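Architecture at a glance
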Amino acid sequence: ITMSIANTTTFMPSLLTFIGIPGLETIQCWIGIPFCAMYIIALVGNSLLLIIIKSEPSLHEPMYIFLAMLGATDIALSTSIVPKMLGIFWFHLPEIYFDACLFQMWLIHTFQGIESGVLLAMALDRYVAICHPLRHAVIFTRQLVMHIGIGVTLRPAILVIPCLLLIKCRLKLYRTKLISHTYCEHMALVKLATEDVYINKFYGLLGAFIVGGLDFILITLSYVQIFITVFHLSQKEARLKAFNTCIPHICVFFQFYLLAFFSFFTHRSGTSIPPYVHITLSNLYLLVPPFLNPFVYGVKIKHIRDKVVKMFHSKEEA
């Protein structure tokens, strides 16, 4: 028995190999086309948002600063996954060094956590602006916005590090070098180990709750309180204006967390879901928000929409 285990396990493999999307290997080259298109649109759209917010002094307010942080995070998150994914799909480059895999994992989960934190900051900003409008300028100072930005960045960056250390220091034997995924996801890598992974799973759940779970609860409570306040407004125009400022944030909130929860729970309990469905949706979870966010905010927020129209209109006149 000991010999058979030794023959089927690898001690700390230096190289890992991505399978891609299990069951769809023969058509991955075609699947890469829409993913590449979404990535390019996400880069252009979020870069345009950053340029508009930076160049327009009237947009240097907390809501737009948080939006710029979200755009920068979306660019970083999609860039940490798509180039390697396209290398697997198009150029037959499925291998990755073990340490590089851990680094990619740290990048992806850190940027996911930052995005969640920024969504929470935006929800709290809207809560204060609508429920306590006279105190908004006093509460959301430039210094507080800067501290929030540092906090939402450091929180996931630090919390993800123990995940990497638990893998690197505890898990030595692996049943295979093949990862049934297109990127280094925590549970996808942990499942390869032959040893007891209870602590790894527990800390993964704890970290996910501290970041995503608490953020989800606080964001939900913020919008519930906002809706209660809005419904008590006497003027119809005031109610509509308040709703319009919240709609893009709520759309982004739902698209981010619905896909996040599906990806998170299917990795742990979704044995009945075909692997290709789970892996495809996991990829969409990381690509759809960066792809859609510029459209949502560009269409729904009047100040940004006007600046985009003005920018292209001035180019046409030139």
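Given the structure is predicted, the values throughout are model-derived calculations rather than measurements. Residue positions are counted from 1 within each chain, in the order its sequence is given. In view of the model being predicted, local features appear only for residues whose pLDDT reaches at least 70, and side-chain atom pairs are presented and counted only at 80 or more, with totals across whole chains, interfaces and linings using the full set of residues. Values shown for side chains rest on all heavy atoms present in the structure; no hydrogens or waters enter the calculation.

1. Some thoughts on helix H11 (residues 275-300)
Taking 1.5 Å as the rise per residue, H11 with 26 residues should run 38 Å; its terminal C-alpha atoms sit 36 Å apart, in good agreement. Bend at a residue means the angle formed by two fitted axes: the first through the 7 residues ending at that position, the second through the 7 residues beginning there. Elements are defined by DSSP. Helices are runs of H or I of four residues or more, strands are runs of E of two residues or more, and each kind is numbered from the N terminus. Taken as a whole, H11 carries its principal kink of about 35° at Leu287; the proline Pro289 stands between one and four residues after it. Here the expected span of a helix is defined as 1.5 Å times the quantity of residues minus one.

2. Quick word on the environment of Glu95
Along the chain, the position of Glu95 falls in strand S3 (residues 95-97). When its relative accessible area of 47% is taken as the criterion, Glu95 is described as partly exposed. Glu95 sits 134 residues away from Thr229 along the chain, and the two C-alpha atoms are 54 Å apart. Only protein chains enter the calculation, and the probe is 1.4 Å; a residue is then buried if its accessible area is under 20% of its type maximum, exposed if over 50%, and partly exposed in between.

3. Regarding the environment of Gln28
Checked against the element boundaries, Gln28 lands in helix H2 (residues 28-55). Judged by its relative accessible area of 5%, Gln28 is buried. In this structure the C-alpha to C-alpha distance between Gln28 and Phe89, which are 61 residues apart in sequence, comes to 5.3 Å. Contacts are assigned to residue pairs that have any heavy atoms within 4.5 Å of one another. Not counting chain neighbours up to four residues away, the residues in contact with Gln28 comprise Ile19, Gly20, Ile21, Ile88 and Phe89.

4. Comments concerning the packing of H2 against helix H4 (residues 82-91)
With axes taken as lines fitted to C-alpha atoms, and helix axes fitted only over the stretch in contact, angles between N-to-C directions fall between 0 and 180 degrees. With their axes 9 Å apart at the nearest point, H2 and H4 run at an angle of 155° to one another. Considered as vectors, H2 and H4 are oriented roughly antiparallel to each other. When you trace H2 past H4, the crossing you get is left-handed. Of the residues in H4, those touching H2 at Gln28, Cys29, Ile31, Gly32, Ile33, Phe35, Cys36 and Tyr39 are Val82, Pro83, Met85, Leu86, Ile88, Phe89 and Trp90. Note that Gly is not counted as nonpolar here; it falls among the polar residues with everything else outside the nonpolar set of Ala, Val, Leu, Ile, Met, Phe, Trp, Tyr, Cys and Pro and the charged set of Asp, Glu, Lys and Arg. Grouping the constituent residues of the contact of H2 with H4 by class yields 13 nonpolar, two polar and no charged. Angles are sorted into four bins: roughly parallel if under 35 degrees, roughly antiparallel if over 145, roughly perpendicular if 65 to 115, and oblique for all others. With the far helix as reference, a near helix turned anticlockwise by less than a right angle produces a left-handed crossing, and one turned clockwise produces a right-handed crossing.

5. Quick look at the state of the cysteines
One covalent bond between the sulfur atoms of two cysteine residues makes up a disulfide. The rule for a disulfide is simple: a pair of cysteine sulfur atoms within 2.5 Å. This structure, assessed with the given rule, holds one disulfide. Here Cys101 connects covalently by a disulfide to Cys184, the sulfurs 1.8 Å from one another. Sign of the S-S torsion, about -120° for the bond between Cys101 and Cys184, identifies this disulfide as left-handed. Of this pair, Cys101 sits in helix H5 (residues 98-131) while Cys184 sits in the loop between strand S5 (178-179) and helix H8 (186-190), and the two are 83 residues apart along the sequence. Both residues of the pair, Cys101 and Cys184, count as buried. A disulfide-free cysteine, Cys163 has its sulfur positioned 13 Å from the sulfur of Cys169, the nearest such atom. Cys163 gets classed as buried once you look at its relative accessible area, which sits at 12%.

Read these as spatial facts, not as claims about activity.
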